[in-house]
Amino acid sequence: MKSLKLPHSLHRSHGGKTLIPFPNRKLALSTGLFTRTITLFSPSIFPSGHCDLKEARRMQFSMSSTSASIQPMSEELMGDTSKDLPVSGDSIRRRFLSFYASRGHKVLPSASLVPDDPTVLLTIAGMLQFKPVFLGKVPREVPRATTAQRCIRTNDVENVGRTARHHTFFEMLGNFSFGDYFKKEAIKWAWELSTIEFGLPANRLWISVYENDDEAFEIWHDEVGVPTERIKRMGEDDNFWTSGVTGPCGPCSEIYYDFHPERGILDTDLGDDTRFIEFYNLVFMQYNKKEDGSLEPLKQRNIDTGLGLERVARILQKVSSNYETDLIYPIIEKTSELANVSYALADDHKKMNLKIIGDHLRAIVYLISDGVFPSNIGRGYVVRRLIRRAVRTGRLLGIKGDGRGNLEGAFLPVIAEKVIELSTHIDVDVKDRSPRILEELKREELRFVQTLERGEKLLDEMLVDALSRAKENGTAPCLSGKDAFLLYDTYGFPVEITKEVAEERGASIDMNGFDIEMENQRRQSQAAHSAVKLEVGNGADLAENVADTEFLGYNSLYAKAVVESLLVNGSQVIQVSEGSDVEVLLNKTPFYAESGGQIGDNGFLYFNDGENLQKAVVEIKDVQKSFGNIYVHKGTIREGVLEVGREVEAAVDPKLRLGAKVHHTATHLLQAALKKVVGQETSQAGSLVAFDRLRFDFNFPRPLLDSELVEIEGLVNSWIGAATILQTKVMLLADAKKAGAIAMFGEKYGEQVRVVEVPGVSMELCGGTHVSNTSEIRGFKIISEQGIASGIRRIEAVAGEAFIEYVNARDYHMKNLCSTLKVKAEDVRTRVENLLEELRMARNEVSTLRAKAAEYKASIIASNAFPVGASNKIRVLVECMDDTDADSLRSAAEYLVDALQDPAAVVLGSCPGEGKVSLVAAFTPGVVDLGIQAGKFIGPIAKLCGGGGGGRPNFAQAGGRKPENLSSALEKARSELVTILTEKAS
């Protein structure tokens, strides 16, 4: 922060006095009647050292808050703020967590931006990682928790930069109670944090409560001491939180900061953004909303709060918007440098664009760091949309090149370096992943720039046409959905950018038409949700009545267990008979449940029928984890009747388990080899460990070379041959990371983790099953390597028994090939290359003969040409050449324009195959000089045959799918040529 230079507006202070606690600094609160001085505390001192809370509260309020005297905002510049910046965003985060840690809250890390929840695309709230706990689906590990959660929301991206508070990326500081404390403590601590820890003047804080929540109102007024005139009762839309149509819900209460208390208390509107900002939201989750809309009390009442870090930083740093805090402004400053503009002197439009880049780069960097890469669907589309919006915004600011002398270079990575520099206290992994982040940004920006200029030019032409048509017809200008989709599909313009540009020019977009075009191209569409859905149903009851499953599968493939519950179509039943599909919950199991990329075990459940004979009861085809750590065995009753409470013998298929173990350990070896061969910065982006194969997705910008694949295979097989004994141990997550253990992509970890190590080769956090010695893998072979998304590669491979089967199958096919070609294995390639060359030459001969045949036909129909024009000098020929192929049709047209001589116009058509039409137009220079172009002429003719096409002014080709229309299309071409040429040549 040493080089941070704040804009003019950042030097304004509220009330003429600093509101920020400094060591040994005293703050004077002037109320108009008397002034009381209270001591505020250094950011480094924890709340445990604070003064008595009651006395502090007593000092906070004046005898008459209505006559508060607040000095106007100062315009005085503060000089070099690198030394006297009041309080940093990092310190606010730290002090918040420390405040609640001292009150018995467990400080937990931020969850990934990629949530472990199918109902949301990205992590949009601090409470999301605790959703299963709030639902009662998993037991609480701690009664209280506090977090600083990274969040992404893009549903109001159009407001970013336009308002002082909207962002795509933000941090939500939260404190949570899982059936522990409730309203009184949540309210009192929120007030203490705001007024004592952060030193906000009490006479600047307003409170909102749900209109029927008398309990919260009384706590705020009677126990905290907030005057009734500064407590607003608000309706359900504003102050009653619901998770969905049904599920947990409850009233909420918010704390607002008043930037202009001099406006008084009459007719105040807390929604007035020019005066108030909501910075702390307290949700009292106390009801369950049933299907009929009625509310019933929850068995476990919870607290879910959120304090916006950027908003509090704005208040404490006395700046006019969140963007001017030390959390974002250094990024804006870097952007200003590249754009060669001054933020302080920039007009509103330029400031908005600088803010957009400052915001978007934060979101982009943290998303890529969490494994989200640009693509055209889902989370990847969110990243691509933000990147392309930032690129276009940079161009509007005049940014050219990377600012380091390369005018063709990418500028986003340069700005991203500043985001990464600021990431230390937000996510420590970002710096380690910076090479991958910067490379991905550079690649995506340069790829977009290649088509951006053409797209912008085309969009401009489209908008000119739309505005012109609207003016002629007296209608509102609207860009067609087809045009918007062309820009999206061909030029990579996110439709949101097209919409923004169109609106700037006063036009709208036919979004229905765009959606239809999109659906025609891809059947599946995905979009981010803007709400977290919680539902309480049978699952919560089941989780409450069934204990976690004890997993025995690391040490045994067999176990006796008791049936705890049976489910058919999601409903609990007492017994299930033969032929039925069923989900079985056991008290303990040797079956591995799908997680960490490894699929669930297969096997059988047996029971004794009383005659000492084992009978298969259930054939298990899949095992999944549900409600936290309850194993759900999915299968089919093959014999007999299974009942709840019955003892069964659970047996895992040993051959299939061995296949999974082999491929899981091979996956670890593959990742280690990749890091060794192509670089440590590559990391896992997904995986599948099946019984017969493995699939490993990883971040890398290019295809692997054949030599690299050979080296990777060689390394893995050498480690297999070394017969190394694996080591597994359970340890603290922090200790595992310090030891260098790699976390698996997409996995969530508790405090205690299982570490699987191949000594000297790899160490990973992994709950999967593995071989005990690498020699059990037997062999490893890469089957394929390909790209599956921008910057994401995929390797598929086999090991163990599947490796043997693959090699044997390849050997069998090679022997058959050798027998057919009558050569040895080492000569197969040469023989195949010779055959391909012979085939190529034969095809060329056939093509030459066809061209000559077409020219011969052309020489015969040349006499059908007829003169056009006043002087009858222009020769026109329009003919059908039966089933002539497209290349030969081209040769015939070229022959005819030479034979007919200038000026001449030739149009030929043919039906080279079922459902196919070929068309060609060839015009000599004399015809082109009259203003007739072959490319523009042939397109409408091809449409009559269900196709299209185009080309140069003198030569064009087209195709179609309706041969039955060829005759009428050629007749149309003949009549139009005659009409146009007669008119032009007269």
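Please read these numbers as outputs of a predicted model, since none were measured by experiment.

Asks: An account of the nonpolar core is requested, with residue identities and associated values reported.
Replies: The biggest cluster of nonpolar side chains holds 117 residues, and the ones touching the most others in it are I92, W220, F279, Y280, L361, L367 and L441. Take this core: its biggest share by element is 11 residues, from helix α10 (residues 348–369). Setting aside residues no more than four positions away along its own chain, L441 makes contact with L361, I364, I368, I387, L412, P413 and A416. The next biggest cluster of nonpolar side chains, apart from the first, holds 31 residues, and it includes F698, F700, L726 and A799.

Asks: Which residues make up the sheet that holds strand β27 (residues 727–732), and what values do they have?
Replies: Taken together, the three strands give an open sheet; going across it, the order is β27-β28-β29, and neighbouring strands pair in antiparallel fashion. Where the open sheet ends on each side, the last strands, each with one partner, are β27 and β29 (762–765). For this sheet, the mean angle separating the axes of adjacent strands, direction not counted, is 25°.

Asks: Could you give an account of helix α11 (residues 378–396), with specific residues and numbers?
Replies: Across its 19 residues, α11 extends 27 Å between first and last C-alpha, which sits within 8% of the 27 Å expected from 1.5 Å per residue. Buried residues dominate α11, accounting for 16 of its 19 residues. Following α11 by one or two positions, G398 adopts a phi angle in the positive range, close to 90°.

Asks: Give me the lowdown on the environment of G306, citing residues and values where you can.
Replies: Along the chain, the position of G306 falls in strand β11 (residues 295–308). In sequence terms G306 and L282 are 24 residues apart; their C-alpha atoms lie 6.7 Å from each other. In this structure, G306 is in contact with M172, L173, F279, Y280 and N281, ignoring residues within four places of it in sequence.

Asks: Any chance you could break down the pattern of salt bridges for me, citing the residues and the numbers?
Replies: Summed over the entire model, instances satisfying the criterion amount to 45 salt bridges. Residue D90 is joined to R93 by a salt bridge in which the shortest nitrogen-to-oxygen separation is 2.8 Å. Within this pair, D90 and its partner R93 are both found in helix α3 (residues 89–101), separated by three residues, close to a single helical turn. Residue D90 is classed as partly exposed on the basis of its relative accessible area, which comes to 26%. For K972, the salt bridge is made with E976, and the minimal N-O distance between the two is 3.3 Å. Here E976 and K972 lie together in helix α27 (residues 966–985), a separation of four residues that amounts to about one turn. Note on E976: relative accessible area 26%, which makes it partly exposed. Three or more residues are tied together by salt bridges with common partners; here these are R150, D370, D427, D429 and R433.

Conventions used here
- Residues numbered from 1 in each chain as written.
- Predicted model: local features only at pLDDT ≥ 70, side-chain atom pairs only at ≥ 80, totals over all residues.
- Heavy atoms only, no water.
- Core = buried A, V, L, I, M, F, W, Y, C linked by side-chain atoms within 4.5 Å.
- Buried < 20%, exposed > 50% of the residue type's maximum accessible area, 1.4 Å probe, protein only.
- Helix = DSSP H or I, 4+ residues; strand = E, 2+ residues; numbered from the N terminus.
- Contact = heavy atoms within 4.5 Å.
- Pairing = 2+ DSSP bridges.
- Axes fitted to C-alpha atoms, helices over the stretch in contact; angles between N-to-C directions.
- Expected span 1.5 Å × (residues − 1).
- Salt bridge = Lys/Arg side-chain N within 4 Å of Asp/Glu carboxyl O.

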